[in-house]
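Coordinate inspection notes
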Amino acid sequence: MKWMLVGGGGVTLVILALGVALAPLGRWADAVLAWCDDRFDRRRAASRNQRDGRLAFLLLFPALALLGVFSLLPLGYTAYASLYAMRMGQGPFVGFANYVHALTNPEFWQSLLVTVYYAAGTIPATMALSFVLASMLFRMVRGRGLFRTLYFLPYVTSVVAAATVWRALLNPNFGPVNAFLSSLGAPGPAWLLEPRGVLSLLTGGLVPASVGPSLSLCCIMLFEMWHSFGFMVIIFLAGLTAIPRELEDAARIDGAGWTQTHWHVTLPLLSPTILFLAVVSVVRAFQSFSSFYALAGFKGRGPANSTQNLVVYLYTSFYEYGEWGYGAAVATLLSIAIVMLTLLQWRFLGRRTHHA
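Worth saying up front: this structure is predicted, and the values here are computed from it rather than measured. (Residues numbered from 1 in each chain as written. Predicted model: local features only at pLDDT ≥ 70, side-chain atom pairs only at ≥ 80, totals over all residues. Heavy atoms only, no water.)

**Structural notes on the overall build of the chain**
A tally of regular secondary structure across the chain gives 14 helices and zero strands. Along the chain, from the amino end to the carboxyl end, the secondary structure elements read α-α-α-α-α-α-α-α-α-α-α-α-α-α. Long-range pairs, those at least 24 residues apart, make up 65% of the contacts in the chain with a sequence separation of at least 6. When the accessible surface of the chain is totalled, it reaches about 21,600 Å², and 71% of it is carbon and sulfur. (Helix = DSSP H or I, 4+ residues; strand = E, 2+ residues; numbered from the N terminus. Contact = heavy atoms within 4.5 Å. Areas by Shrake-Rupley, 256 points an atom, 1.4 Å probe, with all protein chains shown as cover.)

Shown next, in the form of structure tokens:
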């Protein structure tokens, strides 16, 4: 019996010794199995990512193909053509001479000034008016859909058709606007045919006629505000709908009035919407052509070129003078200006964007 106990204890000791000796081997085996599982998971995740990437590329390919064919390729060819003195598609290589000619041409800078006047005169006023109307519509219970449709109708109306009506209304000879002013004993201005600056007209000539936008350009600004504010109203309504009502209710409970609530709560939370509208509006303002061409005479240039913005100037260079190389240089400069303005807005306005 004693021998059996001693023998059993020896076996136990042997087993314990073997366990201690083989413990590092077990930990090494566990580490190997964990490494194999990790590698397997990584390969499975990589395979899933590759499959998702192929699917994403397949879904994006039609849009990318259209973007490449109709946007990137024309943009690349425009940059290429701007390096040649092309007239009707033929000409020698001149490098950056077309860009130098554009940047030293007073007519180019005048068209840029008209574009800046147009953007500065339409975007802030349209956004402010659209925000006020959207705030009023948002709080309406009855008739909201009707008024929303009425405000949106000008935006979906053809620019050419609407401009034709506006030209008839502002006709200096038999237009109803001047007829109404004549009935009040006030002489009607020439409206779309007036090249003098609106500041000069308002001050009776104290301000030089060349300072500020012309009356003709101001008429186009009013048309653009009327035509596009419906789009902004719809976007502002969508932004107002996304704001939690609890925040405005809490501000009113704390004693904030209508103005304070909108200034400190509503507008900060609408900053993503305002940023979107600002970027889209600036791009549209610098690319505007239809309203100028349809409203102003002289193929969009207006009297004394007072309504010739950059796109009309570009159109004139291409199709009237046949200066394809020079027109391509102007188009490239316009594209660079739009990209720079968009990046500046994202940089400075994007930092002040708040989310609910």
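**Here we look at the pattern of salt bridges**
If you walk through the whole model with that rule in mind, you get three salt bridges. Of the charged contacts, one joins E194 and R196 as a salt bridge, the two residues approaching to 2.9 Å between their closest N and O atoms. What makes E194 buried here is its relative accessible area of 10%. R301 serves as the salt-bridge partner of E320, at 2.9 Å between the closest nitrogen and oxygen. Residue E320 is located in helix α13 (residues 310-320), and its partner R301 is located in the loop between α12 (290-295) and α13; the two are separated by 19 residues in the primary sequence. (Salt bridge = Lys/Arg side-chain N within 4 Å of Asp/Glu carboxyl O. Buried < 20%, exposed > 50% of the residue type's maximum accessible area, 1.4 Å probe, protein only.)

**Points about the packing of aromatic side chains**
A full pass over the atoms with the stated rule returns 22 aromatic pairs. Here F131 and F236 contribute two aromatic rings whose centre-to-centre distance is 5.7 Å and whose plane-to-plane angle is 70°, an arrangement assigned as edge-to-face. Remark: F236 occurs in helix α8 (residues 215-241) and F131 occurs in helix α3 (residues 106-138); sequence separation between them is 105 residues. In this structure, F131 and F236 share a single accessibility class: buried. Taken together, F289, Y293, Y315, F318 and Y319 form an aromatic cluster joined through their ring pairs. (Phe/Tyr/Trp six-rings, centres within 6.5 Å; stacked < 30°, edge-to-face > 60°.)

**Describing the side chain of S214**
Structurally, S214 can be placed in the loop between α7 (198-202) and α8. Dropping the residues within four chain positions of it, S214 is found in contact with E194, P195, R196, G197, V198, S306 and T307.

**Describing helix α5 (residues 159-169)**
Listed as buried for α5 are A162, A163 and W166. Considered in projection along α5, the buried side chains sweep an arc of 100° and stay on one side of the axis. On its buried face, α5 is in contact with α8 and α12. (Arc of directions from axis to C-beta.)

**Considerations on the packing of α3 against α8**
Running from N to C, α3 and α8 cross one another at 40°; their axes reach a closest spacing of 6 Å. In terms of orientation, α3 lies oblique with respect to α8. Between α3 and α8 lies a crossing whose hand is right-handed. Residue composition of the contact of α3 with α8, grouped by class: 20 nonpolar, seven polar and one charged. (Axes fitted to C-alpha atoms, helices over the stretch in contact; angles between N-to-C directions. Parallel < 35°, antiparallel > 145°, perpendicular 65-115°, else oblique. Left-handed = near helix turned anticlockwise from the far one by under 90°. Nonpolar A, V, L, I, M, F, W, Y, C, P; charged D, E, K, R; others polar.)

**Points about unusual backbone geometry**
Positioned with a positive phi, A304 is a non-glycine residue whose angle comes to about 55°. With respect to the helices, strands and loops of the structure, A304 is situated in the loop between α12 and α13. Overall, A304 belongs to the exposed group, its relative accessible area being 70%. The phi dihedral of N305 falls on the positive side, at around 55°, and the residue is not glycine. With respect to the element layout, N305 can be found in the loop between α12 and α13. Its relative accessible area of 28% is what places N305 among the partly exposed residues.

**Quick look at the side chain of S216**
For S216, the position within the fold is in helix α8. Look past the residues within four positions of S216 in its chain and what remains in contact with it is W191, L192, E194, P303, S306 and T307.

**Brief notes about a nonpolar patch on the surface**
A cluster of nonpolar residues, F57, L60, F61, L64, L67 and L72, forms a patch on the protein surface that exposes about 620 Å² of accessible area. The topology assignment puts L60 in helix α1 (residues 2-81). (Patch = residues over 30% accessible without salt bridge, like charges linked within 9 Å, V, L, I, M, F, W, Y side chains within 5 Å.)

Functional significance is not addressed by these values, which are geometric in nature.
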